Every structure is written in structure tokens, then in C-alpha cells.
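A look at the structure
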Amino acid sequence: MTAPTVAVASRRRSVPSLRLAPKYAIWGVLVVLLGIAALLSDAFLEPVYLANVVRQAAPVGIAALGATVVMILGGVDLSVGAVVSFAAVFAAIQMGGRADNIGVAVVSTLAACTLIGLANGALIAWNRASSFILTLGTSLVIYGLTQVYSGGTARGIVAPGFREFFNFRLADVVPVIAVALVVLAVIVEGLLRLTRFGRTVYLIGSNAGAARIAGLSLTRTTLAAYAISGLFAGMAGLALLARSGVSTTTSGRGFELDTLAAIVLGGTVFEGGRGSAAATVAGVLVLFVAFNIVNILGLNFNLQLVVKGLIVIVASAIYFRLDRDR
Amino acid sequence: MPARRVASAANAFGLPAIHALLLASVVGAAATVPAFRTIDNLGNVLTQAAALGLVAIGQTFVIVGGLIDLSVGQLLGLTVVLICALMDGHSERTVPALLLAAGIGGAIGAANGWLLNLLRIHPLILTFGTLSILQGVIFATTDRSIGAASPEVAWLANGRIAGVPVALVVLALAAFGAHRLLTRTRFGQHLRAVGGHAENARRAGVAVDRVRWAAFVLSGLGAGLGAVLVAGRIGSGYPNAGQGFELDAIVAVVLGGTSLAGGRGSIAGTLAAVLLLAVASNVLNLLEVSSFAQMFAKGLIVVVAVLLAQRRERFAR
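Residues numbered from 1 in each chain as written. Chains lettered and ligands numbered in written order. Predicted model: local features only at pLDDT ≥ 70, side-chain atom pairs only at ≥ 80, totals over all residues.

1. What about the overall build of chain B?
The helix and strand tally for chain B stands at 15 helices and 2 strands. Relative to the compact-globule value of 20 Å for 317 residues, chain B shows a C-alpha radius of gyration of 19 Å, a close match. Along the longest, intermediate and shortest principal axes, the C-alpha atoms of chain B span 55 × 55 × 35 Å. Excluding contacts between residues fewer than 6 apart, the proportion of contacts in chain B whose partners are at least 24 apart in sequence is 78%. (Helix = DSSP H or I, 4+ residues; strand = E, 2+ residues; numbered from the N terminus. Rg over C-alpha atoms; globule rule 2.2 N^0.38 Å. Contact = placed C-beta atoms within 7 Å.)

Listed below in C-alpha cells is the structure:
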């Protein structure tokens, strides 16, 4: 009786360390990249520069946080880019260059984006359709609607004060937009770890059949997850508008793939059931630090794309190894 | 819902829904839009469909194998840029350009397949990575159009033989070959087995890795050959030429009744879906509908088709 217990106990002791490896690997990668960047450029580790990297990463990061919930659930949201574009255009038009419109513009934009997410969720929940192809379809619908709505040009005008607020540097260092990313990450992490909804998301992601038998509502959770993804894509659109001030109808193009890259870098797998908001933020930061390294090296700007592709492939391969060995 | 009625009527005749939809849209367009009926316009529809058709045929193999290839759009773009740079309008460089197109396509496809087997990561992630790398390589090479297609390549894309578009002949030959390959050969059988259930296929003695690798090579070849037609149509090496091709190809494959889960699919369905998309975009162009509204319409087609397919699958179960 004792021998097997010892064996089990020892296995238990060894498993966590291996299981934690992939979970925190991305932070290790981030530290290594920061080290490389610091070696290449003295300015890189200065607080203002680092805060700038976070500011650059904020729109993609915020969108990725919402999409992480969908990925953990075992789905994928490819409409993120379209919703980001829609949000930027819609908010700018609602503002119409007037500061007193900001409140209405922000609330209506976020409400509209949440509704779009809810619609995605409804189509997926009630039809069991493949989220990949379905959100691809809705992204075309949203891009089309956005362009028709704006007439194809950057029509709206950002209200005065909007950009100034989000780009204001607390203590002259950290822009509000960077703080927003961190706060939202904490909220999503809390939602996933501490709430019943969060546990349900993980359960459905790892075994939908068992979750259904256990009496968990797949429909309601799916609706909520895609609504959250829509809401966060909306906030990402606002962040993008605040960062760049541009509201072209394609400003969010490529976001769906950038968020996917960040999420996968964070160790969230396609099959669902695993992942975390914090790791996704680390994934986003790894991407953007890597982009900055390409710039520091004075390489062709387009090589950022090559670097992005390489890191995504290599990181996924490493995660797969770590997973299999565990 | 008329689409549903069309679909059920078609099923009664043993026709897959997509063919019925294609037929209905062609008949509807011919009846209501006079400009659609002209021989010239029909030729245009087929010419425009041919490049996407080749890419989508390649994608069909990958998806039947339970995989996906997101890299084909940028692969097509890279091939367009490189072969136009090579030809630079010279007739005598046509054959080397064709070989180069097939070579790049096949090689990148082979690399995708090799990496998939080596690294064992999700094909969506892998080919997203190669998409990004290829895009970076294209734009690091050039950010504006370079080179020029030779007259022969332009003829392949735009020419007619006795009124029949050459591109259509190319597409028909490719589709026929692909159909035979998928339905009549051991490779096709193995591919469907791998897509249906890889582990069972492995136990049954199928060389799963080799089959997957071959599917990616075919997908790369489709993109490489599609690039020849695109190069001929635009006439120069435009770096953005491949933008969106991967998604259009996947949409066509899925509309054509191939299951994203793998295991089954048909070249004829893919072809019908490619033509349906081409007819829809042509009619909307003739009616002078804005490209934005067209995007919206395409999205709706995808969503509705996916929902219909889902229903069909559930009834079939």
C-alpha cells in the first residue's frame, strides 16, 4: 500500500514543475528578449521607452484579452479585426469632433461591439457552426457595413480631449492607455480564475461533452464569451483611435491574426481548455519587443513580419514539446 | 427561404446544394441582368474565377486531409512578384517563369508539410506563421510593382481559343486531374482516411505524414499556378496580388461542401462555389454595387451557407 502511494506522491511532486514550465515560459522569453534589446540599445530599458512599448501593444493586447476567453472555450474569433475597425470608425463619427459627445460615443460603440459579439455567439451556439469559418463570414459582413456606414473614407473626427486623456502620462512616464491594458488584463484574469463563468469556460474548453452532462449551459457561456470578445475588440478600437487618431475603415486589418499570434504565444491552445489572460499579455509584449528589436537593428521594417512568423512557429513547437513531455 | 427550397429541390435530384445554387444564380442573373448574358461577360467571369479556382482546388486537398493552409495568399503574391521580375516582359523567359512558379509553390508547400510533420503544431498556426514570413519577404523585396508578365503568360490569363478563355481550359484540366486524384487514386483514398480519423488511418497502415506532406505540396502548387494567371491578368509583379486569396479559397472550399473537419469533400463542389462567387461578384459589378456592399454580400453568403451546411449535416447524422 505504501509503495504506490509514494510513487503517486513523487509523481505529483514532479508534475507541477513541468506543468508550470509552459505556463510561465512566455515570461522567460519576454525577459530574454528584453535583455537582448537592452544589450542592443541603452535607451531600451528606460521607463519611458518601455512604457511606449506597452502603449504600442495596448490595442492588440486589449483585443487579445477578449479573444483569449473564446480560445479557452475552444473557439476562435476572426472577426476581431473587423470589430476593431468598426469601433474606431463608429466612435469617431459619433464624436464628430465635439468633446461633449465623448461619453455617448464610447458607450454606444462598446454597446454595438458587444452586440456584434453576441450575434457571433448566437450563430455559433445555436448552430454548432465552426467558429473559424463563421466569424470569417461575419468579419466580411462587418467590414462591409463599416465601409457603407462611413462611405469608405475616414469621415469621423476625434473629439478634443479624447486622445489627450488616453495618451496622458501618469507621473510623466506611463500613458493611461498602457494602464488600461494592465487593468483590463487583471479583470479578465480575475474573471477566468475567480468566477463560476471562468471555471465553466475552462471546463467546456477541455471537455464540452462532460460539461454538458454536468449540467453546464454551453449556450449561455458561448454567448457570454463571444460578447466579451466583441466588447474587448470595441475597447481595442477605441484604444487604437486614441493612439493613432486615425479612423480608416481598415485600421483594424490584421488584428485577428496579431491577436491569434499573441494568444498562441501565451500558451493558449487551439483545442481550448487552457490559457490565461496574463500569458496573453506576455505574448503581446513578446511580439512588440521583438518588433522593436527589428527596428533597433535597423532592419527593413517588413522583416517584423518574418520575425512574427518565426516566433509564432517556434513558440508553438516548444509548447507542444513541453506539453507532450509532461 | 428560397435558398433552402433550391437546396431541397436539388437534393431530390441528387444534386449537391452548391450546384443548384450556382445554376439558380446563373439563370437568375441571365434573366434579370441583360449585360450578364453577353459571351464577352461570361468569358470574363470564367477568366476571373480561374486563379481562385486553382488555389481553391489545392486548398480542397488540404482541408479534406483535416488540415488548413493560410499561407496560399501570400505564397501567390510572392510568386507573382518573382516570376514577373524574372520575365520582365520577355517571351523567351516564359517557360523558366512557369517552372519557377511551380517550383516556388511546390517548395513552400513542401516546407509547410515538412514543418507540420516535424513540429506537430496546429496547421492553422503553422501556416499563419508562414503567411507572415512570406508577407515579410515580399515587402522586404519590393513595396511596389516590379517586372512585367510576358505576352504568353498574359495570353494564358486573358486569351481565348475559339471564344473559350484559355484560363478556363487550364482550370478545367486542373480540376479534372484533381478530381481523379481525389476520387480514383490510392492517395485520394488515404487522404480522406487521414482527414476522417488520422489515428485509425495510421493503424490501417496509411503513411499519415507522407499523405499530409503531399496535400500541402498540392496546395502550394495550386497557389503557384494560380499566380501565373494572376500575373498575366495584372501584367506586373504587384506585391499585394495575393491579399485575401487564402480566405476566399477556404470560403469556396467550405461552400463547396467540404467539411472543415476533414475526411470528405469534392473538387466539383469547390469549383461550383468558386464560380458562384465569381458570378455573384460579376452581377454586383454590373449592377454597380459598391465594393463595400459586395463584401457585405459575400459575408452573408458565407454565414448563410455555413448555417445551411450545418443543418444538412445534422439531418444526415
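2. Quick notes on the overall build of chain A
Across its full length, chain A holds 13 helices and 2 strands. On C-alpha atoms alone, chain A measures out to a radius of gyration of 21 Å, which is about the 20 Å that the 2.2 N^0.38 rule sets for 326 residues. Here chain A holds 326 residues, and 50% of them are scored as buried. (Buried ≥ 20, exposed ≤ 12 C-beta atoms within 10 Å, placed from the backbone.)

3. A word on the interface of chain A and chain B
With 37 residues of chain A at the contact, the number on the chain B side is 32 residues. Among the secondary structure elements, those contributing two or more residues to the side of chain A that touches chain B are helix H4 (102–127), helix H5 (131–150), helix H11 (255–265) and helix H13 (303–325) of chain A. When residues of the side of chain A that touches chain B are assigned to their parent elements, the largest contribution, 13 residues, is made by H5 of chain A. Considering only residue class, the side of chain A that touches chain B consists of 23 nonpolar, 12 polar and 2 charged. (Nonpolar A, V, L, I, M, F, W, Y, C, P; charged D, E, K, R; others polar.)

4. Quick notes on the nonpolar core
Ranked by internal contacts, the top residues of the largest apolar core, which has 211 residues, are Ala63 of chain A together with Ile83 of chain B. Broken down by element, this core gets its largest block of residues, 16 residues, from helix H10 (residues 218–244) of chain A. Those residues in contact with Ala63 of chain A, other than ones at most four positions away along the chain, are Val80, Val84, Phe232, Ala233, Ala236, Phe255 and Thr259 of chain A. (Core = buried A, V, L, I, M, F, W, Y, C linked by C-beta atoms within 7 Å.)

5. Section: H11 of chain A
Residues and elements named next belong to chain A. Within H11, 10 of the 11 residues are buried, leaving the element largely enclosed by the surrounding structure. Along H11, the residues classified as buried are Phe255, Glu256, Asp258, Thr259, Leu260, Ala261, Ala262, Ile263, Val264 and Leu265. Gly267 sits one or two residues past H11 and shows a positive phi near 95°.

6. A word on helix H10 (residues 186–196) of chain B
Looking only at H10 of chain B, the buried set comprises His190, Leu191, Arg192, Val194 and Gly195 of chain B. Check the buried side of H10 of chain B and you find it contacts helix H4 (39–64), helix H11 (198–203) and helix H12 (208–234) of chain B.

7. A closer look at unusual backbone geometry
All names here are of chain B. Phi at Arg120 is positive, roughly 60°, even though this residue is not glycine. Take Arg120: it is sitting in the loop between helix H6 (94–119) and helix H7 (123–141). With phi around 60°, Glu288 is a residue other than glycine that occupies positive phi space. The residue Glu288 is located in the loop between helix H14 (267–286) and helix H15 (291–316) in this model.

Bear in mind that shape data such as this cannot, by itself, settle questions of function.
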